[in-house]
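# Tertiary structure, described
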Amino acid sequence: MPLITLPSGETVPALGQGTWTMGDSAKRRKEEIAALRLGMDLGMTLIDTAEMYASGGAEEVVGEAVAGRRDEAFLVSKVMPGNASRRGTVAACEKSLKRLKTDRIDLYLLHWPGPSPIAETVDAFTTLKRAGKIRHWGVSNFDVGEMEEVVELPDGKDVATNQVMYNLRKRGIEFDLIPWCERRRIPIMAYSPLDQGRLLRSREVEAVAARHGANPAKVALAWLLQQDGVMVIPKAGSEAHVRENHGALAVRLDARDLAELDRAFPPPAKKKPLAST
Ligand SMILES: NC(=O)c1ccc[n+]([C@@H]2O[C@H](COP(=O)([O-])OP(=O)(O)OC[C@H]3O[C@@H](n4cnc5c(N)ncnc54)[C@H](OP(=O)(O)O)[C@@H]3O)[C@@H](O)[C@H]2O)c1
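Here we summarise the structure given alongside this text. (Residues numbered from 1 in each chain as written. Predicted model: local features only at pLDDT ≥ 70, side-chain atom pairs only at ≥ 80, totals over all residues. Heavy atoms only, no water.)

## Some thoughts on the side chain of Asp-106
Quick reminder of the rule: Helix and strand labels come from DSSP, where a helix needs a run of H or I of at least four residues and a strand needs a run of E of at least two; each type is numbered from the N terminus. Each residue is placed in one exposure class: buried if its accessible area under a 1.4 Å probe, protein chains only, is under 20% of its type's maximum, exposed if it is over 50%, and partly exposed if it falls in between. Here a polar contact is recorded for every N or O atom pair within 3.5 Å, except that within protein the pair must consist of a potential hydrogen donor and a potential acceptor, and residues adjacent in sequence are included only if both atoms are side-chain atoms. Here, residues are in contact when the closest pair of their heavy atoms is within 4.5 Å.
Position of Asp-106 relative to the elements: it lies in strand 5 (residues 105–110). Asp-106 sits in the buried class, given a relative accessible area of 3%. A polar contact is formed between the side chain of Asp-106 and the backbone nitrogen of Leu-75, at a distance of 2.7 Å. Once you skip the residues sitting within four places of it in the chain, Asp-106 turns out to touch Arg-70, Ala-73, Phe-74, Leu-75, Arg-135 and His-136.

What follows is the structure in C-alpha cells.
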C-alpha cells in the first residue's frame, strides 16, 4: 500500500474508503460493514465518514465495521458548517465519537466553509486535539483563498489535509489548489474519485483499461494514485467493488495512457470554481 505523509510526519494509506450513503438502507447495512472490513483487510484502513451522512447513520456503520479492530483504522469524520462554532464543533465531535463507538477521531474536518469564522472552528479543533478527542484536523471544499486564511491562523499550520472533489472529469484544482498545497506539503484527499460512478461509463477510460486487462474503476483510481500527495477514497458498497478498487494499486499507467486520458479529459487552462457535484 503506498503511503501519504501528513504534515505531522505520520503516514496514512493512499487508498482509503468512503462511506457516503452508507447507513441509508437497513437492507444494505450488513454488506456495507463487510465491504469496509474487507477493505481494512486489504490495507485500505483510512475510512472517511461525516456526521452528515445518513444523519449519523454512516458513522454508526463505520463504528460497527471497526469494532474489535479500532487501532487498525484511521478514521476521518467531518463537522457540518452549521455546527462549526467554537462550542458546536466540540459538541458535534462528542456525538460523532459516540456513534463511532471510539474515544478519538484520527482526522476531523470542517465539511465545507460556512457561517462560523474559520478561526473559531480551528480553535475548537485545537481544544479537541489537546483533549485527545481528535488526533489531526483539516478542511474540505476549501479553495486557495480559504486555505490562505487557514494557514494564517495561529494554529493554521497544523492543517493536515484539504478534502476536495478530484477525478479525471473534475480537474480544475490542478490549476492552482494542487500546486498551492504541494508547495506547503499539505496532501489533498480526492473525493468522488469515480465521479460518483460516471467515469465507469467512459469509452476513453475503458479503452485504456482494456490495454491493461483492467476495468474503468481501476484506471480512474490508478490515475489519482500515481500522483504525489493525493489520498483517494472511493466508496464501495460491496466486497466485489472493494476488491476491484484495491486492484487499482496493480495498474501502472504509462505515458501513452496518460496522454490519451489528457486528450479525453484536458487539464484546466484557467481558474475554475471548486467542483462539488
Ligand atoms: N467532503 C465532501 O464534501 C465529500 C463529498 C462527496 C464525497 N465525499 C467522500 O468521498 C467518498 C467517495 O465519493 P463518492 O461516494 O461521492 O463517489 P465515488 O467514490 O466516486 O463513487 C461511488 C459510486 O461508485 C460505485 N462504485 C465504487 N466502486 C465501484 C466499482 N469497482 N465498480 C462499479 N461501481 C463502483 C459505488 O457503488 P456501490 O456503492 O454499489 O459500490 C457508488 O455508486 C464518499 O463516500 C465520501 O466519503 C466527500
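## Quick look at the site of the ligand
Operational definition: Only heavy atoms are used to decide nearness, and a residue is near a molecule or strand if one of them lies within 4 Å of it. Accessible surface is estimated by sampling points in the Shrake-Rupley manner with a 1.4 Å probe; for residues, cover comes only from the protein chains shown. Think of it as three bins: nonpolar holds Ala, Val, Leu, Ile, Met, Phe, Trp, Tyr, Cys and Pro, charged holds Asp, Glu, Lys and Arg, and polar takes everything else, Gly as well.
Residues in contact with the ligand amount to 28 residues; listed here are only the nearest, Asp-48, Leu-194, Lys-235, Gly-237 and His-241. At 2.8 Å from an oxygen atom of the ligand is found a main-chain nitrogen or oxygen belonging to Gly-237. His-241 has a polar side-chain atom sitting 2.6 Å from an oxygen atom of the ligand. Expressed as a share of its isolated accessible area of 890 Å², the protein-covered part of the ligand is 86%. A per-element tally of the shell around the ligand places helix 9 (residues 239–246) first, with three residues. Grouping the constituent residues of the shell around the ligand by class yields ten nonpolar, twelve polar and six charged.

## Some words on the pairing of strand 8 (residues 188–191)
Put simply, the rule is: Strand pairing is defined by DSSP finding a minimum of two bridges between the two strands.
Across the two faces of strand 8 the burial is the same, with Ile-188 and Ala-190 and Met-189 and Tyr-191 all buried. Judged from the four bridges that link them, strand 7 (residues 162–165) and strand 8 form a sheet pairing that is parallel. Across the sheet, the residue bridging to Met-165 is Tyr-191, located in strand 8. Direction of pairing for strand 8 relative to strand 9 (residues 230–232): parallel, over a ladder of three bridges. Its bridge partner lying in strand 9, Ile-188 is registered against Val-230.

## As for unusual backbone geometry
Here the phi dihedral of Lys-101 falls at roughly 50 degrees; this positive angle occurs in a residue that is not glycine. Looking at the element boundaries, Lys-101 is found in the loop between helix 3 (86–100) and strand 5. The backbone of Asn-141 sits at a positive phi, close to 60 degrees, despite the residue not being glycine. Structurally, Asn-141 can be placed in the loop between strand 6 (134–140) and helix 5 (144–152).

## A short note on the pairing of strand 7
The condition that has to hold: A clockwise path from the first strand over the helix to the second, with the strands pointing away from the viewer, defines a right-handed crossover.
Residues Asn-162 and Val-164 of strand 7 are buried on one face, and the alternating residues Gln-163 and Met-165, pointing to the opposite face, are buried as well. What joins strand 7 to strand 8 is helix 6 (residues 177–183), and the crossover it makes is right-handed.

## What to know about the sheet that holds strand 6
Here is the rule we go by: Axes here refer to lines fitted to C-alpha atoms; in helices the fit is confined to the stretch in contact. Angles between the N-to-C directions go from 0 to 180 degrees.
Pairing is parallel across the open sheet formed by seven strands, whose spatial order is 3-4-5-6-7-8-9. Single-partner strands in this sheet number two, and they are strand 3 (46–48) and strand 9. With strand direction ignored, the average angle separating the axes of adjacent strands in the sheet is 30 degrees. As defined by bridge partners, strand 3 adjoins strand 4 (residues 74–79) across three bridges and the pair is classed as parallel. Bridged to Asp-48 within strand 4 is Val-76. Contacting strand 4, strand 5 and strand 6, helix 3 crosses the sheet at an angle of about 135 degrees to strand 5.

## So, the environment of Glu-260
Structurally, Glu-260 can be placed in helix 10 (residues 255–264). The spatial distance from the C-alpha of Glu-260 to the C-alpha of Val-205 is 8.9 Å, given a sequence separation of 55 residues. Ignoring anything within four residues of it in the chain, the contact list for Glu-260 reads Val-208 and Arg-211.

## What to know about the pattern of salt bridges
This is how it is decided: What makes a salt bridge here is a side-chain nitrogen of Lys or Arg within 4 Å of a carboxyl oxygen of Asp or Glu, nothing more.
Applying the stated criterion across every chain yields a total of 24 salt bridges. Linking Asp-71 and Arg-104 is a salt bridge whose minimum nitrogen-to-oxygen distance equals 3.0 Å. With Asp-71 in the loop between helix 2 (57–65) and strand 4 and Arg-104 in the loop between helix 3 and strand 5, this residue pair connects regions lying 33 residues apart in the sequence. Asp-176 serves as the salt-bridge partner of Lys-271, at 2.8 Å between the closest nitrogen and oxygen. One end of the pair, Lys-271, is in the segment after helix 10; the other, Asp-176, is in the loop between strand 7 and helix 6, with 95 residues separating them in the sequence. On the basis of relative accessible area, Lys-271 is assigned to the partly exposed category, the value being 38%. Residue Asp-176 is classed as buried on the basis of its relative accessible area, which comes to 19%. Within this structure, Glu-10, Arg-70, Asp-106 and Arg-135 form a network of salt bridges that share partners.

By themselves, these figures tell us nothing about what the structure is for.
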